[in-house]
Amino acid sequence: RGGVVRSQVVRSLSTSGKVLDPMRLPDVFEGNVVRRKPPANFGIVIVPQQWNYIVERFGRFYRKLDPGLHVLIPIVDNITYVQCLKEEAISIPNQMAITRDNVTIHIDGVLYVKVEDAVAASYGVESPYRALSLLAQTTMRSELGKLKLDETFEERETLNARIVEAINHASATWGLRCMRYEIRDIQPPANVRKAMELQAEAERRKRAQILDSEGEQQSEVNVADGQKRAAILASEAVKMEQVNHAEGEAEAIVARAQATAKGIALLASAIGSANGREAVALRLAEQYIHAFGNIAKEGNTIVIPSGASDVSAMVSQALAIFNTIQSQSTSRPAESSPDHEITK
């Protein structure tokens, strides 16, 4: 069997264009991993770095050879196992598994292992790499049976960690340690893939519609916010206009009152001066004539006094009223306070 395998390897490598020495080719294949053939014992053995040789004496374990130069007894000592201490990758072939929701899938992966104890790896289990490969397949099927189809894609890292933990727990006495496990490909059936594509397309359309609706909503919110701010600014402008108009009217009223007060003060001082009464009579006569001239301009109905043509009588009546008011103001007590005088 070793010769047949060697010839197949030489033939495959030669057809691929690689030139190798057939005498240096390994002839041990174990679980998709090429193993080095134990060398013959000629008395002096050189162990390469990151390798361990297991030596038996008369068919019994004798010693483990670490990297370096070693001297053995030919015929008596026999190198039976060669263990590589480097991390190696084992390809897990494609296999069928059933998920928790009864969907059949095909899955494969890559297992990364490392020899930690060369003696245990040599005597703990027959063909340790093949045993690890079979254990990885059964563990992967067992863990996939606990998950639904969607969860196998979403929780791939968790699934890898569970498989590594289960393999390390089962192979604790084999001298091997599983460093990590990576699922390479998950292939659901064709009808399931089609349904998943339709679901993904529906989900994309849903997200697009949601984004469109959110965009329209945000646009309407922005328009409403702009109208609100415009209304607030317009109301504030109207408010400021009304405030300014009211302040202007108030200032105008104050100005008119002050002007009226000054006019009254000047009129009072003029009346109290010499010939003041004659000036008042003349002013009243002028206003009476002016008012009587405009009396028929503002309406059809006219009410006039009986003696409208007697100007002197009207002026005398006005002066009599003025004298009455003046006599009442002078008859008040002289000792009234200045504030009271200002109030009057």
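Parameters at a glance
Residues numbered from 1 in each chain as written. Predicted model: local features only at pLDDT ≥ 70, side-chain atom pairs only at ≥ 80, totals over all residues. Heavy atoms only, no water. Phe/Tyr/Trp six-rings, centres within 6.5 Å; stacked < 30°, edge-to-face > 60°. Helix = DSSP H or I, 4+ residues; strand = E, 2+ residues; numbered from the N terminus. Buried < 20%, exposed > 50% of the residue type's maximum accessible area, 1.4 Å probe, protein only. Pairing = 2+ DSSP bridges. Polar contact = N/O pair within 3.5 Å; in protein donor to acceptor, adjacent residues only side chain to side chain. Core = buried A, V, L, I, M, F, W, Y, C linked by side-chain atoms within 4.5 Å. Contact = heavy atoms within 4.5 Å. pLDDT = per-residue confidence, 0-100.

Quick notes on the packing of aromatic side chains
- Inspection of the entire model under this criterion finds 2 aromatic pairs.
- With a centroid separation of 5.9 Å and an interplanar angle of 80 degrees, the aromatic rings of F61 and Y123 are classed as edge-to-face. Here Y123 lies in helix α2 (residues 118–123) and F61 lies in strand β5 (residues 60–65), a separation of 62 residues in the sequence.
- On the basis of relative accessibility, which here comes to 38%, the residue F61 falls in the partly exposed class.
- The partly exposed category is assigned to Y123, whose relative accessible area is 37%.
- Relative to Y123, the ring of Y81 lies with its centre 5.4 Å away and its plane at 75 degrees, an arrangement referred to as edge-to-face. Placement of Y81 in strand β7 (residues 77–84) and of Y123 in helix α2 is noted, with a sequence separation of 42 residues between them.
- In textbook terms, an aromatic cluster arises when at least three aromatic residues are bridged by ring pairs, as seen for F61, Y81 and Y123.

A word on the pairing of strand β9 (residues 104–115)
- One ladder, built from 9 bridges, connects strand β8 (residues 88–98) with β9; its direction is antiparallel. For S91, the partnering residue across the bridge sits in β9 and is V110.
- Following β8, the chain reverses through 5 residues before pairing antiparallel with β9; N102 in that reversal takes a positive phi of roughly 60 degrees.
- In this sheet, strand β10 (residues 176–187) lies alongside β9 in antiparallel orientation, the contact comprising 10 bridges. When the sheet's bridge partners are listed, D108 is paired in β10 with D185.

Points about unusual backbone geometry
- Of note, I75 is a non-glycine position whose phi angle comes to about 70 degrees, a positive value.
- Following the sequence through the fold, I75 ends up in the loop between β6 (68–71) and β7.
- A positive phi is found at S127, a non-glycine position, where the angle reads about 50 degrees.
- Structurally, the position occupied by S127 is in the loop between α2 and α3 (128–144).
- Residue classification places S127 among the partly exposed residues on the basis of a relative accessible area of 27%.

Remarks on the environment of S91
- Position of S91 relative to the elements: it lies in strand β8.
- What makes S91 partly exposed here is its relative accessible area of 28%.
- Taking the C-alpha atoms as reference points, S91 and V110, separated by 19 residues in sequence, lie 4.7 Å from one another.
- A polar contact of 3.1 Å, which involves the side chain of S91, links it to the side chain of R184.

Brief notes about the nonpolar core
- Ranked by size, the top nonpolar core spans 32 residues in total, and within it L111, I167 and Y181 carry the most contacts.
- Secondary structure elements with two or more residues in this core: β8, β9, α3, α5 (156–170) and β10.
- In this structure, L111 is in contact with E88, A89, I90, I92, L132, A136, I167, C178, R180 and Y181, ignoring residues within four places of it in sequence.
- With 10 residues, the next largest nonpolar core counts V45, V47, L65 and L72 among its residues.

Concerning the confidence of the model for the protein chain
- Scored by pLDDT, the protein chain comes out at a mean of 78, with 72% of its residues at no less than 70.
- Here residues 1–27 is a poorly scored stretch, pLDDT under 50, and it has 20 contacts once near neighbours within four places are set aside; other chains count.
- Between residues 334–344, whose pLDDT stays under 50, and residues either more than four places distant or in other chains, the model counts 3 contacts.

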